[in-house]
Amino acid sequence: MAKKIIVGNWKMNPTTPREAKELFQKIKRKSAKLKKVTTVICPPAIYLPIFAGKNGNLKLGAQDAYFERQGAFTGRISSAMYKYMGAQYVILGHSEMRRAGETERVVNQKIKAALKEGLKVILCIGENERDSGGVYLKFLQGQLKTGLAKIPRANLKNITIAYEPVWAVGKKAKAVDTPEDFLHNKLFIRKVLVGIAGPKAGLTVPIIYGGSVNIENDDGFIKKGEADGLLIGRESLNADHFVNTLSMVENL
Ligand code: PGA
């Protein structure tokens, strides 16, 4: 069976390198013992050099990467730079980036650039509002089609889809998705992926859940929801809780 992927998105946390090191060490200690889980930690870019090196099962990721390789782009960091600093993954199309103005086209450009540099991409998709008529499914389909446009099938093995309904993400989340709904949406996403890339590539892309995952609901998404992994924000800043989730997945 394929390993589950558990991603910790630290966002703009913690404030000091000392706290970051402490958190990272605890997660690293646990990750070293895991056989069925790939742990990916996405710290603020500035902390990457502190953590780069031999981390075994624990992989490093970026929270975003610009599509240009270098040049006059103040404040940006390219996929190539992240690669050199030890990142193996990059989260792209996160709802917090989209909210700040990132378009579908830009997400697509960033994906292409990241794949070219050899990074594995965690592409976030998710609707802003859920409607009972299923209009949101069309929205998800659009995000996948545009995001993955002109990406060779062979490259799909380097992509993970993180389904994160926007209304379930972050401190202001209105609700959490249910494992049952996640499974339903996972199957829909799978169908769209197969439509885009054919069964060979489309059936193997991991589809993970994100949005207010915590130690109360994490197992539901994996067991009942059949998620291939989890993308965790706030709870990834709590070492005990995050490690708890890692153990839960390892001991399934
Ligand atoms: P959350 O964030 O777990 O704090 O809701 C998830 C994410 O933004 O990826």
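Data block above holds the structure.
Bear in mind that the values here come from a model prediction, so they are computed numbers and not experimental data.

Parameters and conventions
- Residues numbered from 1 in each chain as written.
- Predicted model: local features only at pLDDT ≥ 70, side-chain atom pairs only at ≥ 80, totals over all residues.
- Heavy atoms only, no water.
- Pairing = 2+ DSSP bridges.
- Helix = DSSP H or I, 4+ residues; strand = E, 2+ residues; numbered from the N terminus.
- Axes fitted to C-alpha atoms, helices over the stretch in contact; angles between N-to-C directions.
- Contact = heavy atoms within 4.5 Å.
- Parallel < 35°, antiparallel > 145°, perpendicular 65-115°, else oblique.
- Expected span 1.5 Å × (residues − 1).
- Bend = angle between axes of the 7 residues up to and from the residue.
- Buried < 20%, exposed > 50% of the residue type's maximum accessible area, 1.4 Å probe, protein only.

A. A look at the sheet that holds strand β6 (residues 159–163). Pairing is parallel in the closed barrel, where 8 strands are placed in the order β1-β2-β3-β4-β5-β6-β7-β8. The sheet shows a mean angle of 25° between the axes of neighbouring strands, direction not considered. Strand direction decides the pairing type here: strand β5 (residues 120–125) and β6, joined by 5 bridges, are parallel. Its bridge partner lying in β6, C124 is registered against A162. Contacting β5, β6 and β7 (207–210), helix α7 (residues 179–202) runs over the sheet at an angle of about 140° to β7.

B. Just the packing of helix α5 (residues 104–116) against helix α6 (residues 135–147), in detail. Relative orientation of the contacting elements α5 and α6 amounts to 45°, with a least axis distance of 8 Å. In terms of orientation, α5 and α6 fall into the oblique class. From α5, E104, N108 and I111 reach across to α6, where they touch Q143, T146 and G147.

C. Main features of α7. The terminal C-alpha atoms of α7, which comprises 24 residues, lie only 22 Å apart, well short of the 34 Å expected from a rise of 1.5 Å per residue. Of all the bends in α7, the greatest reaches close to 105° and is centred on I196; the proline P199 follows between one and four positions later. Where α7 is concerned, the buried positions are P179, F182, N185, K186, I189, R190, V192, L193, A197, G198, A201 and G202.

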